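# Architecture at a glance
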Protein chains: 2
Amino acid sequence: MNRTQKQIIRALMAGPSSYWRLIREQDGHLASFTQEIKDMFRRGLIKYHNGYIHLTPEGEMEGHNQGLSPLQPLTCPVCAGKTVTLQGSFSRILKEFEKIVRQRPPARAEFDQGYVDPVSTVARVAVMYQRGDLENQDILLIGDDDLTSIAIALTGMARRITVLEIDERLVEFIALQAREKGWTNLSVYRYDVRDPLPRELEGQFDTFLIDPVETLPGIRLFLSRCALSLRGRGSAGYFGLTHLEASRDKWHAIQRLILSMNFVITDIIHDFQEYELEREGFINKNYPLVQKSFGPLPVPDINWYTSNFFRLEAIARPDIPEQENVPAGRELYFDDEAYATLP
Amino acid sequence: MNRTQKQIIRALMAGPSSYWRLIREQDGHLASFTQEIKDMFRRGLIKYHNGYIHLTPEGEMEGHNQGLSPLQPLTCPVCAGKTVTLQGSFSRILKEFEKIVRQRPPARAEFDQGYVDPVSTVARVAVMYQRGDLENQDILLIGDDDLTSIAIALTGMARRITVLEIDERLVEFIALQAREKGWTNLSVYRYDVRDPLPRELEGQFDTFLIDPVETLPGIRLFLSRCALSLRGRGSAGYFGLTHLEASRDKWHAIQRLILSMNFVITDIIHDFQEYELEREGFINKNYPLVQKSFGPLPVPDINWYTSNFFRLEAIARPDIPEQENVPAGRELYFDDEAYATLP
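A brief structural summary. Note that the coordinates shown come from a computational prediction; the quantities given were computed from them, not determined experimentally. (Residues numbered from 1 in each chain as written. Chains lettered and ligands numbered in written order. Predicted model: local features only at pLDDT ≥ 70, side-chain atom pairs only at ≥ 80, totals over all residues. Heavy atoms only, no water.)

## Structural notes on the pairing of strand β8 (residues 236-241) of chain A
All names here are of chain A. Spelled out, the test is: Relative accessibility thresholds used throughout: buried, under 20% of the residue-type maximum; exposed, over 50%; partly exposed, between the two (1.4 Å probe, protein chains only). Working definition: helices are DSSP H or I runs of at least four residues, strands are E runs of at least two. Numbering for both runs from the N terminus. Strands pair, by our definition, only if DSSP identifies at least two bridges between them. Place the viewer so that the strands point away; then a crossover is right-handed whenever the path from the first strand over the helix to the second strand goes clockwise.
The element β8 is largely enclosed, with a buried count of six among its six residues. Burial along β8 is two-sided: Ala-236, Tyr-238 and Gly-240 and Gly-237, Phe-239 and Leu-241, pointing in opposite directions, are all buried. Sheet topology note: the strand β7 (residues 207-210)/β8 ladder contains four bridges and is parallel. Across the sheet, the residue bridging to Leu-209 is Tyr-238, located in β8. The handedness of the β7 to β8 crossover, carried by helix α9 (residues 216-229), is right-handed.

## With respect to α9(A)
All names here are of chain A. As a reminder, the rule being used: One less than the residue count of a helix, multiplied by 1.5 Å, gives the span that helix is expected to have. Contacts are assigned to residue pairs with any non-hydrogen atoms lying within 4.5 Å of each other.
If you check α9, its first and last C-alpha atoms are 20 Å apart, about what 14 residues at 1.5 Å a residue would give, namely 20 Å. Among the 14 residues in α9, 10 count as buried, and that is most of the element. Turning to α9, its buried residues are Gly-218, Ile-219, Leu-221, Phe-222, Leu-223, Ser-224, Arg-225, Cys-226, Ala-227 and Ser-229. In this structure, the buried side of α9 is in contact with β4 (138-142), β7, β8, α10 (248-260), β9 (263-276) and β10 (306-314).

## Some details on the interface of chain A and chain B
Stated precisely, the cut-off is as follows: As a working definition, buried area equals the accessible area (1.4 Å probe) given up by two parts on being put together, with both sides summed. Criterion for a salt bridge: a side-chain nitrogen of Lys or Arg within 4 Å of a carboxyl oxygen of Asp or Glu. Polar contact is the term for a pair of N or O atoms within 3.5 Å; when the atoms are in protein, one must be able to donate a hydrogen and the other to accept it, and sequence-neighboring residues count only if both atoms are side-chain atoms. Each residue gets one label: Ala, Val, Leu, Ile, Met, Phe, Trp, Tyr, Cys and Pro are nonpolar, Asp, Glu, Lys and Arg are charged, and the others, such as Gly, are polar.
Tallying the contact residues gives 59 residues for chain A and 59 residues for chain B. Taken together, the two surfaces of chain A and chain B that pack against each other cover about 5100 Å², and 45% of this comes from carbon and sulfur. Among the residues chain A hides against chain B, the three largest losses belong to Arg3(A), Leu74(A) and Leu259(A). Together they make up 14% of the total. Taken together, the connections running from chain A to chain B amount to 10 salt bridges. Asp249(A) serves as the salt-bridge partner of Arg233(B), at 3.0 Å between the closest nitrogen and oxygen. Inspection of the region where chain A meets chain B yields 45 residue pairs in polar contact (both at pLDDT 80 or more). Among the elements of the structure, α1 (3-13), α5 (89-101), α6 (118-130), α10, β9 and β10 of chain A are those that each provide at least two residues to the side of chain A that touches chain B. When its residues are assigned to classes, the side of chain A that touches chain B shows 22 nonpolar, 23 polar and 14 charged.

## Details of the relation of the copies chain A and chain B
What counts is decided by this rule: Least squares is used to superpose the copies, and the fit set is the C-alpha atoms of residues whose pLDDT is at least 70 in both copies.
Least-squares fitting of chain A to chain B yields an RMSD of 0.0 Å, with the transformation described by 0.0 Å of translation along the axis and a rotation of 180°. The operation mapping one copy onto its partner corresponds to a two-fold rotation axis. Distance from the rotation axis, computed per C-alpha, reaches its smallest value in chain A at Ile268(A): 2.4 Å.

## Comments concerning the packing of aromatic side chains
This is how it is decided: Working definition: a ring pair exists when centres of Phe, Tyr or Trp rings (six-membered ring for Trp) sit within 6.5 Å. Plane angles under 30 degrees give stacked, over 60 give edge-to-face, the rest tilted. Here, over-ring charges are defined by two tests on the NZ atom of lysine or the CZ atom of arginine: distance to the ring centre within 6 Å, and angle to the ring normal within 35 degrees.
Tallied over the entire structure, the rule returns 34 aromatic pairs over all chains. On the numbers, 5.4 Å between centres and 25° between planes, the contact of Tyr238(A) with Phe309(A) is stacked. Of this pair, Tyr238(A) sits in strand β8 while Phe309(A) sits in strand β10, and the two are 71 residues apart along the sequence. Over the aromatic face of Tyr129(A) sits the side chain of Arg10(B), whose NZ or CZ is 4.7 Å from the ring centroid. Over the aromatic face of Trp251(B) sits the side chain of Arg248(B), whose NZ or CZ is 4.5 Å from the ring centroid.

This is how it looks when you write it as structure tokens:
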């Protein structure tokens, strides 16, 4: 019995669970989770009743045979495993950030948008602060539907914040905030990551932050653009990577790429980011996760989509890989592990 | 001004600090920290008074010029950045573990021993539990001066725990505990990591845990022995790695090695482990950190030595590198980044 099935069984030994909560309790990717759940139904280990998944007596016995016990929560209840809490001036920043993001444009599935919750977004900035990547630094964001640039601007600590964003609505929203708040150090430009990085941005930044698409060609493209923007040794980068739409094999390929670009990985914080995805809308759009599931799925009852937070540091001038094939169409966004992304 | 100097200045902007606390507030390695501090004295940015390092007016001005502000603590005060807290049965395990380790043999510097504090040790086991690497798993430890095997045994969750340890005193201590507590699944053998892994241990384990020496040949040797012990795809490994005796360049080399062995890095938790090193003894032994410092160092006032916690997962049968040159002497333990290790 593999890790995913064992993680599912021990969660259910603690009590019935929604499909969505089970996703949070396991470390597999969605394509494999979907299969494992089907397999467990087929073997009679679980059953579905009133919107919840239950362990059958056979499942209970299998759990005992596998030496499992009911899942005990051990994640820190205060920081939720993020390692940081929003103390001091960061508690004020969170409040102001929450007020601003209430007015933001709704997420657009065609750009693989889905917003990180405000606490996760400000916590990103807290980690950047801790590691010395915020104060007086020049920071580049490529794609900023989470509006992390605004959380950064609220700290008043960065020297320069530059946002490159494909979605005109977000460009306008961020520009409007910058004007209204008088943030002259925050600039935002419309940019498609498939285009070359503007020459005047090469070698100009200390830190980048992205939450890229989860395909390998997509991540390669995002990381290459960001790497080109950095000053060199000691420059840092942050990005989110799920284990939900990226298998451990894809992680391995991504990490090889990272090291080959002269970055070292200094931090990987598990399930750091929580996403506020659509709920009814998610079911209605019939994403692969919904379409390939064991049966009709109920509307999500929690924020079930999470990602891990990576920090990179350049040990030398970043080495940019050849862009042999820049994805022109939906393959930038979609591969066979993309289960919560529109094809 | 580099990251280390900036991290030192903002810490001192919040108030004078002992040398030892400053080490905790920065992410450089000790060889570089030692140099940066000397450089800052030379430039008149800091001064030493009554056992504490203070910012001079010049240092204060430099901090403002660099856009720095007094350091704000953001690390979660409840889990101390470990991501987990010892709730439920793990709180009982910590109490029992603390009772047992009070009787352990004192650390021996010649084996690069220095004990992880009990909370960090049990927290390691908590992370293993979370990821599904503990229950009913066969677990190998090579070198166990921290007695993590005992913390694992106290959970009652592992199927088999095997410890390979060079220090006869620890072998006896662990064996005694296993006999007294009736832990028939815990075995301990005397073993020098320079010897080949016993054939009967090859391919027998689901999880390994080590806290290896910090030289590259040493880490290669530890990881190779552990990799050989694993069952294959999905098997996991845990180890501690400092940023204090391993530069980011060494981290990069270690990460390349890890990926080439068919492991992916799934977690890196910053400053997860805190070590209870000798205090007077550390000064008296004249480690490179003491010997190369700006002047005579006071006795440490805190646990200043920390390490980051890595989790690896095998994506295929691990690929074992050729052991072209197994270090025969002190070079297993010592390289030019080893500042808290005896030459």
